[in-house]
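# Close look at the chain arrangement
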Amino acid sequence: MRRPTPRGPPSEERTGNYRMNPVASADTNPTLRELSPRANASLDALDRVTQALAAGSALASDHITRPHPLLISVRRGNFFCLLAPASVWDKARNLFGPFTPALAELEGRVVLLGTPSDPDLDRALKAGVAALLPLEPGGKELCVAIHSAFEVMELKARSESRGQWLNRYRYELGELIEIARALTTERELDKLLWLILEKARFITGADAGSLYVVEGDAADLSRKNLHFKLSQNESVSFDSREFVMPINTRSMAGYVALEKKTLSIADVYEMDASSPFGFDRSFDQKVGYRSKSMLVTPLISSKGEVIGVIQLINKKREPKRKLTLGEVEREVVAFDDRSEQLLTTLAAQAGIALENAILYEEIRSIFEGFVRASVDAIEARDPTTSGHSRRVADLTLGLAHAVERASSGPYAHVQWKREDLRELEYASLLHDFGKIGVREHVLVKAKKLYPQSLELVRQRFDFVARTIESEILSRKLEAMARGATLGDLAEAVAARNGALAMDCLLRALEGGESPGSVLFQLVSLLTGALRLKGGGGGWVRDRRRSSVIASAWSSEDIARGLDLLYRCERAWKTGRAPDETLLVRAVLGLVGT
C-alpha cells in the first residue's frame, strides 16, 4: 500500500503560510491564502485524520492522498471520497470545483468533518455530501462513512451498468428479430448474401467482411470449393471480383468450413507460426488497408452441412467511424465474446435462409427450364409462327417498362417488382400453351378446308358428273329407241352438256360464291373452249368443262362472250365498272343462242 504523508503536494511546505494546491487556488477566496489560526487547527485535525486512515486496516487497499491541504482523498477503483472540514463547505466551497463533474456523475462523494453553518441540507445532498462527522471522528466512524459512500457509488454504477446492458440486450434482440424477418422474406440469392454480410457487420461493429459459398456435388467437403461471392468495406473502396478456391486448412475460411467452428484472431499480422492457416497481406498492400482483428464463422444448413463462411474484419471502437491506416492500431479491437455470440446466432439464421434461397433458386431454374422446353415444343408444332412466343414476351416486357417510365396520367405511380416482371414474362411466353393440345391437322391447316372436307366436296362434284352422264346415257337410249340418228344424238348431248356447265356456275353464284371467283372461272372456261374450238391446244385449267362448252357453243358465241368480258374490263379500268353479278348472268345467258 502507498502510505500517504500529511503533507500537500511536493512543491508545498508545511509552514505558517500554508499555500493551497495551485489547481484549486485559481478561484480560491484570497482570505484563505494566509491561513488563520482556526484554519491551522483544522489542518492539524486533518493530519490526524489522515494518519488514522493510513493506520486502519479496513482501508488498507484504498489510495489516500491530500490533493489540497484542506482536503483528504480516498480513492477506490474509479471512485473517490473527499474529506473536508465543514468550514470549507461554508467559506471555500470553490475548492470542490475540480471535482464537480465527478460528483455530478456520482463517481465521488464528500464527507464533511464538523457541522456546516449552511442549513440547506437538500442542497448539500445534491452537491454530493454523503455524511457529517465530528471534526476528529473515530476510526470506526470514518470507515463506516467512507464504506457507505463507496457502496452507494458502486451500487449506482452497477445499476447503470445493468441498465446499459439491458438496453443493449433489448437493442440487439430487436436487431436480431429485424434481421430474421429480413432474411426470411428475401428470395433473391445475391440480395440475401449482401444482406447477411451487411447485418453481420452491423451487429458486431466490423469495418469490413467477406462471404463465401460452398459449391460442388462431391460428398466429401474437402473436395468441394469455396466461391468468394462478395466483400464489403466501409473505409476503403475497391473493385472485388469473384473467385473460387479449394476447401483446405491453408486458408482461414477453408479451416473454419472443415472444422465447423468459429475462429477469432486479435491480429492477423501476429499469428502463431505454427498455425495451419496463414494470412495473405497482398490485398492490404494493394488497396492500402490494414487488416487486424478477424472473426470467421461457418454457415450451416438445417441438415448440418456447411454451405458458406462469413469472415469479418476489424472490430471498431466506434462502429460509425471510418478507419485510416494511422488509426487502425488505436481504433481496432479484438472481437469479444459477445460479438462471437451475436455472429453465431446470426449465422444460424442466415444458414437456413441461404439454404432456402438456394432451394428456391433451384426450383425457379427448373421452372424456367420447363417454360423454355414448352416454348420450344410450341414453336416446333407450328413452324409458320416460329419465334412468336419470344416476340410476344419481349413486346410485353417493353410495354411494362414503358408504363413504369410514365410520369403523368393514370399509370404515373405504377412500379413493377422483379417478381411482377417475371410473372409477365412467363405468362407471355406461355400464352400459346394450348397449342400443345391441338391436333396437327388443325394447327397447321394450309387451306380453308381440311383435307377430308375437300375430298368430300370433290366426291360430290364427281357424283354430280356421274349423275349427268347417267342421265345423258338414258336419254340417248330413249332417243335411239325412237329412231334418232347419231348426229342428232351428238348435237343434243353437246347442247345439254354446255347448258349444264353454265348452270353449274350460275348455281355457284346463287349459292353465295363471290362474283369475282365465278367470273374468273367463266373467263378460264371460255378461253379454254375457244382454244379447243380453234384447235390451238395449249394448257387448259379444266379441260373437260371447257370441251363441253366448245362442243355446245359455236365459235361466234364464245367470241361474243369473251368480247363482252373484255369490254367490261376496259370499263373497269376507266372507272365505269358494271356489276359483276349482272355481267356473269349476261354471259351465262348466251347459252342456246
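Above this note sits the structure.
Parameters and conventions
Residues numbered from 1 in each chain as written. Predicted model: local features only at pLDDT ≥ 70, side-chain atom pairs only at ≥ 80, totals over all residues. Heavy atoms only, no water. Helix = DSSP H or I, 4+ residues; strand = E, 2+ residues; numbered from the N terminus. Buried < 20%, exposed > 50% of the residue type's maximum accessible area, 1.4 Å probe, protein only. Contact = heavy atoms within 4.5 Å. Areas by Shrake-Rupley, 256 points an atom, 1.4 Å probe, with all protein chains shown as cover. Pairing = 2+ DSSP bridges. Axes fitted to C-alpha atoms, helices over the stretch in contact; angles between N-to-C directions. Parallel < 35°, antiparallel > 145°, perpendicular 65-115°, else oblique. Nonpolar A, V, L, I, M, F, W, Y, C, P; charged D, E, K, R; others polar. Patch = residues over 30% accessible without salt bridge, like charges linked within 9 Å, V, L, I, M, F, W, Y side chains within 5 Å. Salt bridge = Lys/Arg side-chain N within 4 Å of Asp/Glu carboxyl O. Left-handed = near helix turned anticlockwise from the far one by under 90°. Phe/Tyr/Trp six-rings, centres within 6.5 Å; stacked < 30°, edge-to-face > 60°. Core = buried A, V, L, I, M, F, W, Y, C linked by side-chain atoms within 4.5 Å. Expected span 1.5 Å × (residues − 1).

Attention shifts here to the overall build of the protein. Within the protein one finds 19 helices and 12 strands. Burial analysis of the protein (593 residues in total) assigns 37% to the buried set. For the protein, contacts bridging at least 24 residues in sequence account for 59% of all contacts bridging at least 6. Here the protein displays about 34300 Å² of accessible surface, and carbon together with sulfur accounts for 55% of that area.

What follows covers the sheet that holds strand β4 (residues 108-113). Within a beta sheet, neighbouring strands are joined by backbone hydrogen bonds and run either parallel or antiparallel to one another. Across the sheet, which stays open at both edges, the five strands sit in the order β1-β2-β3-β4-β5 with mixed pairing between neighbours. Single-partner strands in this sheet number two, and they are β1 (63-68) and β5 (129-133). The mean angle between the axes of side-by-side strands here comes to 25°, regardless of whether they run parallel or antiparallel.

Before going further, it helps to examine the packing of helix α6 (residues 189-204) against helix α10 (residues 337-381). Where α6 contacts α10, the axes come no closer than 10 Å and their chain directions differ by 175°. The orientation of α6 relative to α10 falls into the category roughly antiparallel. Where α6 approaches α10, its residues L189, L192, L193, I196, K199, A200, I203 and T204 are matched on the opposing element by S339, L342, L343, L346, A350, A353, L354, A357, I358 and E361. Here the contact of α6 with α10 is composed, by residue class, of 14 nonpolar, two polar and two charged.

With that out of the way, let us pick up a nonpolar patch on the surface. Together, L166, Y169, L173 and I177 line one region of the surface with nonpolar side chains, adding up to about 330 Å² of accessible area. Mapping L166 onto the fold places it in helix α5 (residues 139-185). By relative accessible area, which is 34% here, L166 ends up partly exposed.

Turning next to the packing of helix α11 (residues 388-404) against helix α12 (residues 418-429). Packing of α11 against α12 leaves a shortest axis separation of 8 Å and a crossing angle of 150°. Comparing their axes, α12 and α11 come out roughly antiparallel. Judged by the sense of rotation from one axis to the other, the crossing of α11 with α12 is right-handed. Residues S389, R390, V392, A393, T396, L397, A400 and H401 of α11 form the contact with α12, whose own contacting residues are L421, L424, E425, S428 and L429. Of the residues in the contact of α11 with α12, the class split is seven nonpolar, four polar and two charged.

In total, this model carries 10 aromatic pairs according to the counting rule given. Taking the centre distance of 5.8 Å and the plane angle of 50° together, the rings of F80 and F99 count as tilted. Placement of the pair is F80 in strand β3 (residues 79-85) and F99 in the loop between α2 (86-91) and α3 (100-104), with a sequence separation of 19 residues. As far as burial versus exposure is concerned, F80 and F99 are alike and both buried. When the ring of F367 is compared with that of Y426, the centres are 5.0 Å apart and the planes differ by 75°; the resulting orientation is edge-to-face. Of the two residues, F367 is situated in helix α10 and Y426 in helix α12; the sequence distance between them amounts to 59 residues. The class for F367 is partly exposed, based on a relative accessible area of 37%.

To continue, consider the nonpolar core. In this structure, L53, L83, F96 and I146 are the most contacted members of the largest nonpolar core, which totals 39 residues. Elements with a contribution of two residues or more to this core: α1 (37-55), β2 (71-76), β3, α2, α3, β4, β5 and α5. Residues within four places of L53 in sequence aside, it is in contact with L59, I64, I72, V74, L83, L142 and I146. Residues I179, L195, L343 and A347 belong to the second largest nonpolar core, which totals 28 residues.

Turning next to α6. Given a rise of 1.5 Å per residue, 16 residues ought to cover 22 Å, and the 23 Å separating the end C-alpha atoms of α6 matches this to within 8%. Buried within α6 we find L192, L193, L195, I196, L197, A200, R201, I203 and T204. A positive backbone phi angle near 75° is found at G205, which sits one or two residues after α6.

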